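For reference, the chains in residue letters:
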Amino acid sequence: MIILAALKGFTLSLSMIIPIGSQNSMLLSQGINKNHHLMTAGLFILYDAFLISLGVLGGSLILSANPLLFTLLTWGGILFLLSYGAMSFKTSVDGIKTGKNKIQTQKSWKVIVLTSLIVTFLNPHAYIDTVMVIGSVGGQYNGDSKIYFLLGAITASFVWFSTLALSAAKLSVYLSKPKVKSTIDFVIGLVMWFIAWSLFKTWLTS
């Protein structure tokens, strides 16, 4: 029973994290540029561990019962995602026009920490996936089973973000080619705007 709880936590968390989102997009870019990518992965793992723990230990009830808080988070996320998507489109178009990538300025660790906080905590999907979905499932367990579910979910975050950071850095020579990088930036822009649209539709029907 304990092992099954851990496996359920792992697979559920992995299914929530893998679809590309703002965290994955930022980490992919940092990995391609080899700019503090391991630190970025570590930060996202830490944030997810906090949010998942919050949800499993009862935070999902607080968030679902506070519509004003959820509305503020939703609109903050929409504005951020639209801006993030617009910047990705601009980078993509610039790469196509010039036939080469704009030289990427290496960001300081302070800028990366600040950006990672914004990307995570101003993104309502982070709360929906970790606090509400994973938290509500984990909340059904008791005792040791709940702890093992929590550890399984956090382990999935560790495995995914570590793998993405290392893979992006290892394939950076290929992924940083102008056409490839422009395509990646364009897809990221589309995904960011699609998520913003889905958040807006959710807000309208809430």
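See the structure printed just above.
Residues numbered from 1 in each chain as written. Predicted model: local features only at pLDDT ≥ 70, side-chain atom pairs only at ≥ 80, totals over all residues. Heavy atoms only, no water.

Student: Help me understand the overall build of the protein chain in this model?
Tutor: Helix and strand counts for the protein chain come out as 9 helices and 0 strands. Put simply, the protein chain runs from its N terminus to its C terminus through helices and strands in the order α-α-α-α-α-α-α-α-α. Over its C-alpha trace the protein chain gives a radius of gyration of 18 Å, about what one expects of a compact globule, namely 17 Å for 206 residues. On the principal axes, the C-alpha backbone points of the protein chain span a range of 60 × 40 × 25 Å. When burial is assessed residue by residue, the protein chain has 45% of its 206 residues classed as buried. Within the protein chain, counting contacts between residues at least 6 apart in sequence, those at least 24 apart form 88% of the total. Put simply, the protein chain shows about 10,900 Å² of open surface, and 74% of that area lies on carbon and sulfur atoms. Taking the average place of the 14 positive charges on the side chains of the protein chain and the average place of its 5 negative ones, the gap between the two points comes to 12 Å. (Helix = DSSP H or I, 4+ residues; strand = E, 2+ residues; numbered from the N terminus. Rg over C-alpha atoms; globule rule 2.2 N^0.38 Å. Buried < 20%, exposed > 50% of the residue type's maximum accessible area, 1.4 Å probe, protein only. Contact = heavy atoms within 4.5 Å. Areas by Shrake-Rupley, 256 points an atom, 1.4 Å probe, with all protein chains shown as cover. Lys, Arg positive; Asp, Glu negative; His and termini not counted. Charge placed at Lys NZ, Arg CZ, Asp CG, Glu CD.)

Student: Honestly, unusual backbone geometry in this entry has me stumped. Any pointers?
Tutor: For residues that are not glycine, phi is negative in most cases, and the peptide bond is trans in most cases. Phi at Lys-34 takes a positive value of approximately 50°, unusual for a residue other than glycine. Along the chain, Lys-34 turns up in the loop between helix 2 (22-33) and helix 3 (37-64). Residue His-36 is not a glycine yet carries a positive backbone phi of 50°. Of the residues examined, His-36 reaches a relative accessible area of 35% and is grouped as partly exposed.

Student: How should the packing of aromatic side chains be read in this particular structure?
Tutor: Two aromatic rings are characterised by how far apart their centres lie and by the angle between their planes. Under the definition given, this model contains 8 aromatic pairs. When the centroid spacing of 5.6 Å and the interplanar angle of 45° are considered together, the rings of Phe-44 and Phe-161 count as tilted. One end of the pair, Phe-44, is in helix 3; the other, Phe-161, is in helix 7 (residues 143-170), with 117 residues separating them in the sequence. Each member of the pair, Phe-44 as well as Phe-161, is classed as buried. An angle of 25° between the planes, with centres 5.4 Å apart, marks the rings of Tyr-141 and Phe-149 as stacked. For Tyr-141, a relative accessible area of 12% gives the class buried. (Phe/Tyr/Trp six-rings, centres within 6.5 Å; stacked < 30°, edge-to-face > 60°.)

Student: Where do I start with the packing of helix 6 (residues 124-138) against helix 7 in this structure?
Tutor: The description of two packed helices rests on the angle between their axes and on the distance between the axes. At their nearest, the axes of helix 6 and helix 7 sit 10 Å apart, and the two run at 150° to each other. With respect to helix 7, the axis of helix 6 lies roughly antiparallel. Note on element contacts: helix 7 touches helix 6 through Lys-146, Phe-149 and Ala-153, opposite Ile-134, Val-137 and Gly-138. Grouping the amino acids of the contact of helix 6 with helix 7 by side-chain chemistry returns 4 nonpolar, 1 polar and 1 charged. (Axes fitted to C-alpha atoms, helices over the stretch in contact; angles between N-to-C directions. Parallel < 35°, antiparallel > 145°, perpendicular 65-115°, else oblique. Nonpolar A, V, L, I, M, F, W, Y, C, P; charged D, E, K, R; others polar.)

Student: How should I be thinking about the packing of helix 1 (residues 2-17) against helix 6 in this particular structure?
Tutor: Taken N-terminus to C-terminus, the directions of helix 1 and helix 6 make an angle of 155°; their axes are 11 Å apart at the nearest point. One element, helix 1, and the other, helix 6, form an angle in the roughly antiparallel class. Pair helix 1 / helix 6 crosses with right-handed handedness. When helix 1 is examined against helix 6, the residues Lys-8, Leu-12, Ser-13 and Met-16 are found in contact with a partner set consisting of Asp-129, Val-133, Ile-134 and Val-137. Considering only residue class, the contact of helix 1 with helix 6 consists of 5 nonpolar, 1 polar and 2 charged. (Left-handed = near helix turned anticlockwise from the far one by under 90°.)

Student: Can you walk me through the layout of surface pockets in this structure?
Tutor: In this approach, a probe sized like a water molecule rolls over the atoms, and the result shows the empty space that is left. There is about 340 Å³ of room inside the second largest pocket. Residue lining of the second largest pocket: 17 residues in total, with Met-16, Ile-17, Pro-19, His-125 and Asp-129 positioned closest to the centre. At the level of elements, helix 1, helix 2 and helix 6 are the ones that each hand at least two residues to the lining of the second largest pocket. In terms of residue count, helix 6 provides more of the lining of the second largest pocket than any other element does, 4 residues in total. When grouped by side-chain class, the residues that make up the lining of the second largest pocket number 7 nonpolar, 8 polar and 2 charged. (1 Å grid on protein atoms, 1.4 Å probe; cavity = no way out; pocket = protein on both sides within 12 Å on 5 of 7 lines; lining within 4 Å. Points joined across faces, edges and corners; volume = space filled by probe spheres on them.)

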